[in-house]
Amino acid sequence: MRARLMALVLLLLLAGCSSGGTRDDGRITLRFQSLAWQEESVEANKELVREWNATHPDVRVEYVQGTWGSVHDQLLTAFEGGEAPDIIHDASDDLADFAYGGYLADLTELLPARLKSDIPPRSWETTTFGDGIYGVPFLQEPRVLIANAKWLKRSGVRIPTAEKPWSWAEFRRITEQLSGRGTYGIAWPLKEPVSATLNLSLSTGGQLFHRGADGKVTVRFEAADQVVPRTIHAQAGTDRSASPTTLGSGGSDTLPGFFGGRYAMVPLGFSYRQQIVQQAPKGFDWQVLPAPAGAGGLTQGVSPQTLSVAQDSPHKKEAAAFIDFLLRPRNMVRLALGDWMLPTGTQALNDPALRTPEHGWATGTALAAHLRPAPAQTVRGYPEWKDKVATPALQEYYSGAIGIRELRERLEEDGNLVLARYQR
């Protein structure tokens, strides 16, 4: 009797702890793991979930809060344990290993034509692996220059626009002109230097990763790839126009110095504007400028935020329908405003709310057509290459501990050894 009672209690506990799947009454429950973290963004996502649930009584969505800092390892554990959420929020540069590993569903036949046509092909490239589509790219952000408007106006330098941006050489000269007496023209927050370096290098014609006829990828750190790191290195080490103390900092760490008049400009992701609006002292005048342009124009790489469906989900069709609802043009605008980012959808991008000069929205939307897939987008083994090879090598180069020749050797020789393990 006691054994039967214990078994009954265990079954009840398991039933109470489970989520997802189909209930006895036939209602489907989908788990949606969101990585939204800003207050406005979290509320926008939760509101949309509530709206879906109010109009879809037979397919309920359960909101699950995730975090960007641990998402890769958390998802890997969930996939291998058969506990992955049905709908997965991630970034496109994190999808390759999951897609090739069979953990994500191919959405090619599940997505409606409306959504496929609304998002440009260049954005779909970020989530296409082989012949399949393994995520929907929906939010993206260019890297821009956040500038002290009064400082720039007082200096008399030419103010760049998307139509007439600074070249990298002009940018270096101007940051030197803006520096002096304990102040710096630029503060590079390069605690995580890889994505900033690679994505901005597309503007100079850099590529770094080269795929051969056999499909295998090799690293080649060529002249075009070196323009951006050489510029940063010179600003910090030769010109003294870049603050050496921020090279190991995150973006948020530079804001107090920026507000305090220590730096004229800070290169940041577009979404940092929200923090600036919230934290800037009263009367602080700032503006958004495009990043410098090179042989590739204003082109820069991005890794859009994505929505995917787990391969193990028993309700892929319903999960794809929820993604379609979440990314209707009006809803995509709400998500973009909540995250202070740009939508990938062309209809949403044309919304007047995203084209106002206030807070630099118009500058961001002017850059949208120049955004391309990040260089590492489809490279298997990129997370390990980034963490074990590229990040420490670039940090040492920017700090002056190694030169450009050793940086090249480490990126290529050590990097290719890492990537080779994923391409056998």
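Residues numbered from 1 in each chain as written. Predicted model: local features only at pLDDT ≥ 70, side-chain atom pairs only at ≥ 80, totals over all residues. Heavy atoms only, no water.

### Focus: the confidence of the model for the chain
Note that predicted coordinates carrying low pLDDT should not be read in detail.
(1) Moving on: Residues of the chain with pLDDT of at least 70 account for 94%, and the chain-wide mean is 92.
(2) Moving on: Scored below 50 in pLDDT, residues 1–19 shows 2 contacts in the model against residues more than four places distant or in partner chains. (pLDDT = per-residue confidence, 0-100. Contact = heavy atoms within 4.5 Å.)

### Looking at the sheet that holds strand 12 (residues 263–269)
Either a parallel or an antiparallel arrangement is found when strands of a sheet pair, and the pairing is made through backbone hydrogen bonds.
(1) Moving on: Strand order in the open sheet formed by 4 strands is 9-12-8-13, and the pairing between neighbours is mixed. One side of each edge strand has no neighbouring strand; the edge strands of this open sheet are strand 9 (184–186) and strand 13 (286–290). Each strand axis lies, on average, 30° off the axis of its neighbour in the sheet, ignoring direction.
(2) Moving on: Here strand 8 (residues 143–148) pairs with strand 12 via 5 bridges, running antiparallel. Bridging from a neighbouring strand, Ala-147 pairs with Met-265 of strand 12.
(3) Moving on: Against the sheet, helix 8 (residues 168–177) touches strand 8, strand 9 and strand 12, its axis set at about 155° to strand 9. (Pairing = 2+ DSSP bridges. Helix = DSSP H or I, 4+ residues; strand = E, 2+ residues; numbered from the N terminus. Axes fitted to C-alpha atoms, helices over the stretch in contact; angles between N-to-C directions.)

### Thoughts on the packing of aromatic side chains
(1) Moving on: Counting across every chain of the model gives 22 aromatic pairs.
(2) Moving on: Taking the centre distance of 6.0 Å and the plane angle of 85° together, the rings of Phe-32 and Tyr-63 count as edge-to-face. Of the two residues, Phe-32 sits in strand 2 (residues 28–34) while Tyr-63 sits in strand 3 (residues 59–65), which places them 31 residues apart along the sequence.
(3) Moving on: An aromatic cluster of three or more residues is present, and its members are Phe-32, Trp-52, Tyr-63, Phe-322 and Phe-325.
(4) Moving on: For the cation-ring pair, Arg-273 lies above Phe-270, with the distance from its terminal atom to the ring centre recorded as 3.6 Å. (Phe/Tyr/Trp six-rings, centres within 6.5 Å; stacked < 30°, edge-to-face > 60°. Lys NZ or Arg CZ within 6 Å of the ring centre and 35° of its normal.)

### Brief notes about the packing of helix 8 against helix 10 (residues 223–237)
(1) Moving on: Running from amino to carboxyl end, helix 8 crosses helix 10 at an angle of 10°, the nearest separation of the two axes being 11 Å. By the angle between their axes, helix 8 is roughly parallel relative to helix 10. Across the interface between the two elements, Trp-168, Phe-171, Arg-172 and Thr-175 of helix 8 pack against Val-227, Val-228, Thr-231, Ala-234 and Gln-235 of helix 10.
(2) Moving on: When its residues are assigned to classes, the contact of helix 8 with helix 10 shows 5 nonpolar, 3 polar and 1 charged. (Parallel < 35°, antiparallel > 145°, perpendicular 65-115°, else oblique. Nonpolar A, V, L, I, M, F, W, Y, C, P; charged D, E, K, R; others polar.)

### Some words on the environment of Pro-244
(1) Moving on: Looking at the secondary structure, you find Pro-244 in the loop between helix 10 and helix 11 (255–259).
(2) Moving on: Taking the relative accessible area as the measure of exposure, Pro-244 reaches 45% and is therefore partly exposed.
(3) Moving on: Counting along the chain gives 175 residues from Pro-244 to Gly-69, while the straight-line C-alpha distance between them is 26 Å. (Buried < 20%, exposed > 50% of the residue type's maximum accessible area, 1.4 Å probe, protein only.)

### Quick word on the pattern of salt bridges
(1) Moving on: Counted by the stated rule, this structure contains 13 salt bridges.
(2) Moving on: In this structure, Glu-51 and Arg-334 form a salt bridge, with 2.8 Å as the shortest nitrogen-oxygen distance. Pair noted here: Glu-51 is in helix 2 (residues 39–55) and Arg-334 is in helix 14 (residues 329–339), with a separation of 283 residues, a long-range link.
(3) Moving on: For Glu-51, a relative accessible area of 33% translates into the label partly exposed.
(4) Moving on: With a closest N to O distance of 3.7 Å, Asp-97 and Arg-380 form a salt bridge. Taken together, the residues Asp-97 in helix 4 (residues 96–100) and Arg-380 in the loop between strand 17 (371–373) and helix 17 (382–399) connect sequence positions 283 residues apart.
(5) Moving on: Owing to a relative accessible area of 29%, Arg-380 belongs among the partly exposed residues under this scheme. (Salt bridge = Lys/Arg side-chain N within 4 Å of Asp/Glu carboxyl O.)

### Concerning the pairing of strand 8
The side chains of a regular strand alternate between the sheet's two faces.
(1) Moving on: With 5 of 6 residues buried, strand 8 lies mostly within the body of the structure.
(2) Moving on: Note that strand 8 and strand 13 share 5 bridges and pair antiparallel. When the bridges of strand 13 are listed, Ile-146 appears paired with Val-288.

### Quick word on the nonpolar core
(1) Moving on: If you look at the biggest cluster of nonpolar residues, it comprises 63 residues, and the most contacted ones within it are Phe-32, Val-136, Ile-146, Phe-322, Leu-326 and Leu-327.
(2) Moving on: Here Val-136 is in contact with Leu-107, Leu-111, Leu-115, Ile-119, Trp-124, Thr-127, Gln-305, Thr-306, Leu-307, Ile-323 and Leu-327, once residues within four sequence places are set aside.
(3) Moving on: Residues Ala-376, Tyr-398, Ile-402 and Leu-411 belong to the second largest nonpolar core, which totals 46 residues. (Core = buried A, V, L, I, M, F, W, Y, C linked by side-chain atoms within 4.5 Å.)

### Looking at the pairing of strand 4 (residues 87–91)
(1) Moving on: Counting buried residues along strand 4, 5 of its 5 residues qualify, which places the element largely inside the surrounding structure.
(2) Moving on: Residues of strand 4 alternate between two faces, with Ile-87, His-89 and Ala-91 on one and Ile-88 and Asp-90 on the opposite face, all of them buried.
(3) Moving on: Taken together, the 2 bridges between strand 2 and strand 4 define a ladder with parallel strand orientation. The residue of strand 4 that forms the bridge with Phe-32 is Ile-87.
(4) Moving on: As defined by bridge partners, strand 4 adjoins strand 15 (residues 305–309) across 5 bridges and the pair is classed as antiparallel. Paired with Ala-91 across the two strands is Gln-305, which belongs to strand 15.

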